[in-house]
Amino acid sequence: CKLALIAPTGQVLTTKVVYPHSVGWGDAIPSDRAAAAASELRELCLLLFDKSDLSSSSSSSSARGSAAEALRLVCSVGNGTASKETEAWLRGQISSLADDLGIGGRIGYCVVDE
């Protein structure tokens, strides 16, 4: 799976490649691969939501707070090979991240044509 953090202006901020699935059809997913993929996704979320607190010194704290609250993360899943598996994995990760990071309702996903 390819992960990218893209600014609202379309600028690519960072990219990562993760492997949350098994190597062969029907094989068990190695726990180290699944953990590494989850960690990479979490790192991108932390990068995005931690940066939301940063703004210019001329902004008021209420403006910073409203900008941080308005920040959303949308993950796109391509509808190609292993898309259903990726969607299921991502849905579980989103639920976990929303609980752990307190960003419930601010992270979601959609399935797109490849």
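Residues numbered from 1 in each chain as written. Predicted model: local features only at pLDDT ≥ 70, side-chain atom pairs only at ≥ 80, totals over all residues. Heavy atoms only, no water.

K.L.:
Please explain the overall build of the chain as it appears in this structure.
P.N.:
The secondary structure content of the chain amounts to three helices and four strands. Listing each helix as α and each strand as β along the chain from the N terminus yields β-β-α-α-β-α-β. In the chain, of all internal contacts separated by at least 6 residues, the share reaching a separation of at least 24 is 55%. Accessible surface for the chain amounts to roughly 7,300 Å². Of this, 53% is attributable to carbon and sulfur atoms. (Helix = DSSP H or I, 4+ residues; strand = E, 2+ residues; numbered from the N terminus. Contact = heavy atoms within 4.5 Å. Areas by Shrake-Rupley, 256 points an atom, 1.4 Å probe, with all protein chains shown as cover.)

K.L.:
I'm lost on the pattern of salt bridges in this one. Help?
P.N.:
Pairing is possible between side chains that carry opposite charge, provided their charged atoms lie close to one another. Following the criterion strictly, the structure yields four salt bridges and no others. Across the pair Lys16 and Glu43 runs a salt bridge, and its minimum N-O distance is 3.0 Å. Linking Lys16 in strand 2 (residues 12-17) with Glu43 in helix 1 (residues 31-51), this pair joins segments that are 27 residues apart in sequence. For the salt bridge of Glu87 with Arg91, the shortest nitrogen-to-oxygen distance reads 3.6 Å. One end of the pair is Glu87 and the other is Arg91, both in helix 3 (residues 83-101) and four residues apart, which spans about a single turn. According to the relative accessible area criterion, Arg91 is partly exposed, its value standing at 44%. Connected via shared salt-bridge partners are Lys16, Glu40 and Glu43. (Salt bridge = Lys/Arg side-chain N within 4 Å of Asp/Glu carboxyl O. Buried < 20%, exposed > 50% of the residue type's maximum accessible area, 1.4 Å probe, protein only.)

K.L.:
Where do I start with helix 3 in this structure?
P.N.:
Residues three or four positions apart in an α-helix share a direction because the helix packs 3.6 residues into each turn. Here helix 3 contains 19 residues, and its C-alpha end-to-end distance of 26 Å stays within 8% of the 27 Å for a straight helix at 1.5 Å per residue. If you check which residues of helix 3 are buried, you get Ser83, Thr86, Glu87, Trp89, Leu90, Gln93, Ile94, Leu97 and Ala98. Around the axis of helix 3, the buried residues are gathered within 165° of arc, so they sit on the same side. Across from the buried face of helix 3, at angles greater than 90 degrees, the exposed residues are Lys84, Asp99 and Asp100. A positive phi of about 70° marks Gly102, the residue just after helix 3. (Expected span 1.5 Å × (residues − 1). Arc of directions from axis to C-beta.)

K.L.:
Explain the confidence of the model for the chain here, please?
P.N.:
Predicted coordinates in areas of low pLDDT are best not read in detail. Of the residues in the chain, 76% have a pLDDT of 70 or more, and the chain-wide mean is 77. Averaged pLDDT values over the elements of the chain bottom out at 52 in helix 2 (residues 61-70) and peak at 88 in helix 3. (pLDDT = per-residue confidence, 0-100.)

K.L.:
Quick question: what am I supposed to make of the nonpolar core here?
P.N.:
General note: in soluble globular proteins, nonpolar side chains tend to be found buried as a group. Leu41, Cys45, Phe49, Leu73, Trp89, Leu90 and Ile107 are the most contacted members of the largest nonpolar core, which totals 19 residues. It is helix 1 that contributes the most residues to this core, six residues altogether. With residues up to four places along the chain from it excluded, the contact list for Leu90 reads Leu41, Cys75, Val77 and Tyr109. (Core = buried A, V, L, I, M, F, W, Y, C linked by side-chain atoms within 4.5 Å.)

K.L.:
Help me out: how do you make sense of unusual backbone geometry in this one?
P.N.:
Residues other than glycine predominantly adopt negative phi, and peptide bonds predominantly adopt the trans conformation. In this model, Ala82 sits at a positive phi of 65°, which is unusual for a non-glycine residue. Given the relative accessible area of 30%, Ala82 is considered partly exposed.

K.L.:
Looking at this model, I keep getting lost on the pairing of strand 1 (residues 2-6). Mind explaining?
P.N.:
Side chains on a regular strand alternate between the two faces of the sheet. Along strand 1, the buried face is formed by Leu3 and Leu5; none of Lys2, Ala4 and Ile6, which line the opposite face, is buried. Two strands pair when backbone bridges link them, and strand 1 and strand 2 are joined in this way by five bridges, in the antiparallel orientation. Bridging across to strand 2, Leu5 finds its partner in Thr14. Adjacent in sequence and paired antiparallel, strand 1 and strand 2 are bridged by five residues, among which Gly10 carries a positive phi angle near 100°. (Pairing = 2+ DSSP bridges.)

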